[in-house]
Amino acid sequence: YSATWEKFFGAGRMVSVGYIGTKGRDLLRFEVQPVFNDTHGIARVITNGGTSDYNGFQAVYRKRSSASLQWQFSYTFAKSKDSVSSDVFLGSGFANIIGANELGYSDFDVRHSLNLTGSYRLPGPQKGIAGNVIGGWFLDFSAAGRSALPFDIQAVSANFSSATTTTSTTTVTDTTKGM
């Protein structure tokens, strides 16, 4: 679902404010379950138990400064949570073994995003053969900045001996992400 409000202020200036939201249910999810037999230690199960929620607000200011220059500044504030994001090498279902099968920040959750884009028409002939060859060129520019992605700190260690194998795992979730 989405809604946008746009307002034009004179020639060449526009402000846009919008909201977008999505809800995903019954998403494909890979889970890892412990198997208590001598042949297999874990089983990978595919279910449709994943969920996701995204909510975002965007503000845009667009201006045509002259016949040759136009630019746009935009800011986005968004939040994305899901239960199907995966960690680097353990896979999304590894959390099921250690009890973290809950809704959390998505791997791609970018909270704040700033963008500046524009286009400048380079001076040159507009007509004739020279205009067809070297006229009508534009110089486009773009700059972007964003907040960092969420992360989990995980440590996996293994102690090997001739008779037994022991693996211990510690997961610490980043709780410093505000808002």
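Heads up: the structure comes first, above all this text.
Residues numbered from 1 in each chain as written. Predicted model: local features only at pLDDT ≥ 70, side-chain atom pairs only at ≥ 80, totals over all residues. Heavy atoms only, no water.

Undergrad: Honestly, the pattern of salt bridges in this entry has me stumped. Any pointers?
TA: Think of it this way: side chains of opposite charge can pair up when their charged atoms draw near. Evaluated as defined, the whole model comprises three salt bridges. For Lys 23, the salt bridge is made with Asp 53, and the minimal N-O distance between the two is 3.5 Å. Of this pair, Lys 23 sits in strand 2 (residues 13–34) while Asp 53 sits in strand 3 (residues 42–64), placing them 30 residues apart in sequence. A salt bridge links Asp 53 to Arg 25; the nearest nitrogen and oxygen atoms lie 3.0 Å apart. In this pair, Asp 53 is assigned in strand 3 and Arg 25 in strand 2, connecting sequence segments 28 residues apart. (Salt bridge = Lys/Arg side-chain N within 4 Å of Asp/Glu carboxyl O. Helix = DSSP H or I, 4+ residues; strand = E, 2+ residues; numbered from the N terminus.)

Undergrad: What should I look at first to understand the packing of aromatic side chains in this one?
TA: For any two aromatic rings, the description comes down to two numbers: the centre-to-centre distance and the angle of the planes. Considering all chains together, one arrives at two aromatic pairs under this definition. Between Tyr 1 and Tyr 19 the ring centres are 6.2 Å apart and the planes differ by 25°, which places this aromatic pair in the stacked class. Remark: Tyr 19 occurs in strand 2 and Tyr 1 occurs in the segment before strand 1 (2–8); sequence separation between them is 18 residues. Take Tyr 1: its relative accessible area is 53%, and that puts it in the exposed class. Judged by relative accessible area, which is 34%, Tyr 19 ranks as partly exposed. (Phe/Tyr/Trp six-rings, centres within 6.5 Å; stacked < 30°, edge-to-face > 60°. Buried < 20%, exposed > 50% of the residue type's maximum accessible area, 1.4 Å probe, protein only.)

Undergrad: Honestly, the environment of Val 15 in this entry has me stumped. Any pointers?
TA: Inspection of the secondary structure assignment puts Val 15 in strand 2. With 47 residues separating them in the primary sequence, Val 15 and Arg 62 have C-alpha atoms 6.5 Å apart. Excluding its chain neighbours within four sequence positions, the residues that come into contact with Val 15 are Trp 5, Glu 6, Lys 7, Phe 9, Val 60 and Tyr 61. (Contact = heavy atoms within 4.5 Å.)

Undergrad: I would appreciate a short explanation of the layout of surface pockets in the present structure.
TA: Rolled over the atoms, a probe with the dimensions of a water molecule shows which regions are left empty. Quantified by volume, the second largest pocket comes out at close to 160 Å³. Along the wall of the second largest pocket there are 13 residues; nearest its centre are Arg 62, Lys 63, Arg 64, Gln 70 and Trp 71. The set of elements that each furnish at least two residues to the lining of the second largest pocket consists of strand 2, strand 3, strand 4 (69–82) and strand 6 (112–121). Split by residue class, the lining of the second largest pocket holds three nonpolar, six polar and four charged. (1 Å grid on protein atoms, 1.4 Å probe; cavity = no way out; pocket = protein on both sides within 12 Å on 5 of 7 lines; lining within 4 Å. Points joined across faces, edges and corners; volume = space filled by probe spheres on them. Nonpolar A, V, L, I, M, F, W, Y, C, P; charged D, E, K, R; others polar.)

Undergrad: Got a minute to help me understand a nonpolar patch on the surface in this structure?
TA: A grouping of Tyr 120, Leu 122, Ile 129, Val 133, Ile 134, Trp 137 and Leu 139 is seen on the molecular surface, where their side chains present a nonpolar patch of about 740 Å² in accessible area. Sort the elements by how many residues they give to the nonpolar patch and helix 2 (residues 128–134) lands first, with three residues. Its location among the elements puts Ile 129 in helix 2. (Patch = residues over 30% accessible without salt bridge, like charges linked within 9 Å, V, L, I, M, F, W, Y side chains within 5 Å. Areas by Shrake-Rupley, 256 points an atom, 1.4 Å probe, with all protein chains shown as cover.)

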